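Letter by letter, the chains look like this.
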Amino acid sequence: MMKNVSNSRPHIVEVLIHVIGWGIVLAFPFVMMSRSGFTITWQDYLHHGSIIPLSFLVIFYVNYFILIPRYLFEGHTKQYLALNVILILALAFGSHFWQEYANMTYPRKDTRIKPMGPPKWIFLLRDIFSMVLTVGLSAAIRFSGRWKQIESARREAEKDRAEAELKNLRNQLNPHFLLNTLNNIYALIAFDTDKAQAAVQELSRLLRHVLYENQQNFVTLGKEMDFIRNYIELMRIRLSANVTVETRFDVRTDSRTEIAPLIFISLIENAFKHGISPTEPSYIYIHFSETDGKVSCDIRNSYHPKTEADKSGSGIGLEQVRKRLELTYPGHYEWKREVRDDGKEYRSLLVIDV
């Protein structure tokens, strides 16, 4: 109901503008004559002063409601111009014939008003020119309204497209995340069934978050940090003793700041994928913080890039992060990724304005 009321307000304002505008135009001759010291009655105004403003009103709304939408908007420019020429000439000559008839049939009561001045054709040309301007004004207003409608429809279509693409990305992320986690559990089963069972329990908690929270556009930062903590603990289960994983969360556990769900998880997955070597000492440092309306995720890890023969993972995770950031936080994020000069450390720093 509130939406319908809100949508009706622009139409009410538009009607009021038309009523006030044409009220001023129709009253203009009456006001000007009175200010010039002439006595003008309503009968004089109706017979002599109102015909030209009424002609402007007719030509404006004939264009506004009929000629512009039926001909100009449909690309029939020649027909539109021809009909306007006929309409303008008919109204211009008709109004002047009416004034001649009114002057003879209903003479003005104010004897100070003398029928003297420039030739009548001057007034005829003036009125024709004014009517042409009225046609232009009608077209300008109509095109302005149409442009607003087209722009509104374009923005709505763009919004729907972005939301559909974002939903598609989230739906892609679920199986991608699940595949990586199941691969980890599968590796555990071979040498430690107890850890594998614990991993399945951790996975059930994570899936609850993925299945329910990920269907929303935003979740609280506190919940997202809980999810990330649980995920890191799940990843720790299969790590060897030569791997160091350190985390630091400078985020309140009850933080109500809203964040896109699972926006950071691919960065952490990437760290575990490329930061761990089965033979060399490895490390992963993860730091989350929230300050001054910004949420940052700073990840540093030893760099052990996978070979071409390693087919684990499909590499879509980071590309999904980039697309989701562009759709959800356009112009409100900064993401730096770099490998240290010695080629031994990789760093990913993502800062989001929330």
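For every chain, the first residue of the written sequence is number 1, and numbering continues from 1 onward in sequence order. Local features in a predicted model are, by the rule used here, given only for residues with pLDDT of at least 70; side-chain atom pairs are given and counted only at 80 or more, and totals for whole chains, interfaces and linings are based on all residues. Hydrogen atoms and water are omitted, and side-chain values are computed over all heavy atoms in the structure.

## Brief notes about the packing of helix H8 (residues 265–274) against helix H9 (residues 317–328)
- In contact at an axis separation of 9 Å, H8 and H9 are set at 155 degrees when each is read in the N-to-C sense. When the axes of H8 and H9 are compared, the pair comes out roughly antiparallel. The handedness of the crossing between H8 and H9 comes out as left-handed. Touching Ser266, Leu267 and Asn270 of H8 are Gly317, Leu318 and Val321, all from H9. Helix axes are fitted only over the stretch in contact, all axes being lines through C-alpha atoms; the angle between N-to-C directions runs from 0 to 180 degrees. Only DSSP runs of H or I covering at least 4 residues are called helices, and only runs of E covering at least 2 are called strands; the numbering of each starts at the N terminus. For classification purposes, an angle smaller than 35 degrees is called roughly parallel, one larger than 145 roughly antiparallel, one from 65 to 115 roughly perpendicular, and anything else oblique. Take the far helix as the reference: if the near one is turned anticlockwise from it by less than a right angle, the crossing is left-handed, and if turned clockwise, right-handed. Only heavy atoms enter the contact rule, under which two residues are in contact if any of them lie within 4.5 Å.

## So, H8
- Think of it in three bands: with a 1.4 Å probe and only protein chains considered, a residue is buried below 20% of the maximum accessible area for its type, exposed above 50%, and partly exposed in between. Of all 10 residues making up H8, 9 are buried, and the element is well covered by its neighbours.
- Regarding H8, the residues found buried are Ile265, Ser266, Leu267, Ile268, Glu269, Asn270, Ala271, Phe272 and His274.

## Structural notes on the pairing of strand E5 (residues 294–302)
- Where burial is concerned, most of E5 is hidden: 7 out of the 9 residues are buried.
- Pairing between two strands requires that DSSP report at least two bridges joining them. Where strand E4 (residues 282–291) hands over to E5, the hairpin turn is made up of 2 residues, of which Asp292 adopts a positive phi near 50 degrees.
- In the sheet, E5 pairs with strand E7 (residues 345–353) via 9 bridges, with the strands oriented antiparallel. The residue of E7 that forms the bridge with Asn301 is Tyr346.

## Description of the nonpolar core
- Buried residues of nine kinds, namely Ala, Val, Leu, Ile, Met, Phe, Trp, Tyr and Cys, make up a nonpolar core once their side-chain atoms join them within 4.5 Å. Membership of the largest hydrophobic core comes to 45 residues, with the highest contact counts inside it found for Ile228, Phe264, Leu267, Ile268, Phe272 and Phe288.
- When near neighbours in sequence (up to four residues on either side) are disregarded, Phe288 contacts Met225, Ile228, Arg248, Phe249, Asp250, Val251, Phe264, Ile268, Ser296 and Cys297.

## Considering the confidence of the model for the chain
- Considering every residue of the chain, the mean pLDDT works out to 80; 76% of them sit at 70 or more.
- Confidence over residues 1–6 falls short of pLDDT 50; this stretch has 0 contacts with residues more than four positions distant or in other chains. pLDDT: the predictor's confidence for each residue, scored from 0 to 100.

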